[in-house]
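# Secondary and tertiary structure notes
One-letter residues, chain by chain:
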Amino acid sequence: MGPLRYSINVTLDGCCDHRAIPADEELHRHAAETLGRADALLFGRVTYQMMESGWRPPAGTRAEELEPVARTIDAARKYVVSSTLEQVDWNAELVRGDLGEAVRHLKRESDRGRLVGGVRLLLALAELGLIDEYEFVVHPRLAGHGPVVFAGLSRHLDLTLVGRRELGSGAVAMRYEPRR
């Protein structure tokens, strides 16, 4: 059974709006490495559609340093949690029914683990205790606006630091596991 990991970029004031995050080549390499550790991606509808519009366009339509991330995301198996989408493509499969049961099943079928992305799906999975590892890439920027991660969490989650990596930009990638 593989772990369910979560990774997100945030500013110092907790903003996770991708437009507020300064990106560079090293951050993209780190993202490609993180994506490469998983055998599939798990998204909610909003994140799936955002990722598809940003990463699916044909090669040659983006900067060269983005191509490794784009190829990794494009090739990855994707699972999409949605009650409103009728169908998905782009190596994707819809996940329906009981979220906890569905994600436990996906974890059992995994060798290297699954990587979850998004904000609302994360909250539901955290509430169910299904996230095995959290990574926060904290950028030295104050955005002054939201959205923020974990808004509405019903209880505290205590975490243990299991890894740390400083990037040249001043961003710090910190990996945590839940205290059990």
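The text that follows walks through the structure, step by step, so that each part is easy to find.

Parameters at a glance
- Residues numbered from 1 in each chain as written.
- Predicted model: local features only at pLDDT ≥ 70, side-chain atom pairs only at ≥ 80, totals over all residues.
- Heavy atoms only, no water.
- Pairing = 2+ DSSP bridges.
- Helix = DSSP H or I, 4+ residues; strand = E, 2+ residues; numbered from the N terminus.
- Axes fitted to C-alpha atoms, helices over the stretch in contact; angles between N-to-C directions.
- Core = buried A, V, L, I, M, F, W, Y, C linked by side-chain atoms within 4.5 Å.
- Buried < 20%, exposed > 50% of the residue type's maximum accessible area, 1.4 Å probe, protein only.
- Contact = heavy atoms within 4.5 Å.
- 1 Å grid on protein atoms, 1.4 Å probe; cavity = no way out; pocket = protein on both sides within 12 Å on 5 of 7 lines; lining within 4 Å.
- Points joined across faces, edges and corners; volume = space filled by probe spheres on them.
- Phe/Tyr/Trp six-rings, centres within 6.5 Å; stacked < 30°, edge-to-face > 60°.
- Lys NZ or Arg CZ within 6 Å of the ring centre and 35° of its normal.
- Arc of directions from axis to C-beta.

### What to know about the sheet that holds strand β2 (residues 40-44)
- Strands sit in the order β4-β3-β2-β5-β1-β6-β8-β7 across an open sheet of eight strands; the sheet is mixed. In the strand order of this sheet, the two ends are held by β4 (92-95) and β7 (159-166), each with one partner. On average, each strand axis in the sheet is inclined to that of its neighbour by 25 degrees, with strand direction left out of account.
- Taken together, the four bridges between β2 and strand β3 (residues 78-81) define a ladder with parallel strand orientation. Looking across to β3, one finds that phenylalanine 43 is bridged to valine 80.

### Considerations on the nonpolar core
- Membership of the largest hydrophobic core comes to 28 residues, with the highest contact counts inside it found for Leu42, Leu125 and Tyr134.
- Of all the elements in the fold, those that place two or more residues in this core are β1 (4-11), β2, α4 (99-108), α5 (120-127), β6 (133-139) and β8 (172-178).
- Aside from chain neighbours lying at most four places away, what touches leucine 125 is Leu4, Leu42, Leu99, Val103, Val116, Leu130 and Ile131.

### Focus: the layout of surface pockets
- Of the voids in this model, the largest pocket is the one considered here, and its volume is about 1,300 Å³.
- Forming the walls of the largest pocket are 41 residues, and the residues nearest its centre are Asn9, His18, Thr47, Met50 and Met51.
- Of all the elements in the fold, those that place two or more residues in the lining of the largest pocket are β1, α1 (25-36), β2, α2 (45-55), α3 (67-75), β5 (114-117), α5 and β6.
- With seven residues, α2 is the largest single contributor of residues to the lining of the largest pocket.

### Details of the packing of aromatic side chains
- Counted by the stated rule, this structure contains five aromatic pairs.
- Ring geometry for tyrosine 48 against tryptophan 90: centres 6.0 Å apart, planes inclined by 50 degrees, an arrangement best described as tilted. Taken as a pair, tyrosine 48 in helix α2 and tryptophan 90 in the loop between β3 and β4 lie far apart in primary sequence, 42 residues in all.
- With 5.9 Å between their ring centres and 55 degrees between their planes, tyrosine 134 and phenylalanine 150 make a pair best called tilted. Taken as a pair, tyrosine 134 in strand β6 and phenylalanine 150 in the loop between β6 and β7 lie far apart in primary sequence, 16 residues in all.
- Relative accessible area serves as the criterion here: at 3%, tyrosine 134 is assigned to the buried category.
- Above the face of the tyrosine 79 ring, arginine 77 is positioned so that its terminal group lies 5.3 Å from the ring centre.

### Some details on α2
- Looking at α2, one finds that the buried residues are Thr47, Tyr48, Met51 and Trp55. One side of α2 carries all its buried residues, which in axial view fall inside an arc of 100 degrees.
- The inward-facing, buried residues of α2 abut β2, α3, β3, β4 and β5.

### Topic: the environment of glutamate 65
- Residue position: glutamate 65 is located in the loop between α2 and α3.
- Residue class for glutamate 65 comes out partly exposed when judged on its relative accessible area of 36%.
- Separated by 40 residues in sequence, glutamate 65 and glutamate 25 place their C-alpha atoms 6.0 Å apart.
- With residues near it in sequence (within four places) discarded, glutamate 65 still touches Glu25 and His28.

### Describing the pairing of β5
- Side chains of β5 alternate between two faces, with Arg114 and Val116 and Leu115 and Gly117 buried alike.
- As paired strands, β1 and β5 are joined by three bridges and run parallel to one another. Paired with arginine 5 across the strands is leucine 115, a residue of β5.
- As paired elements, β2 and β5 share four bridges and run parallel to each other. Residue pairing for β5: leucine 41 is matched across the bridge by leucine 115.

That is the geometry; function is a separate question.
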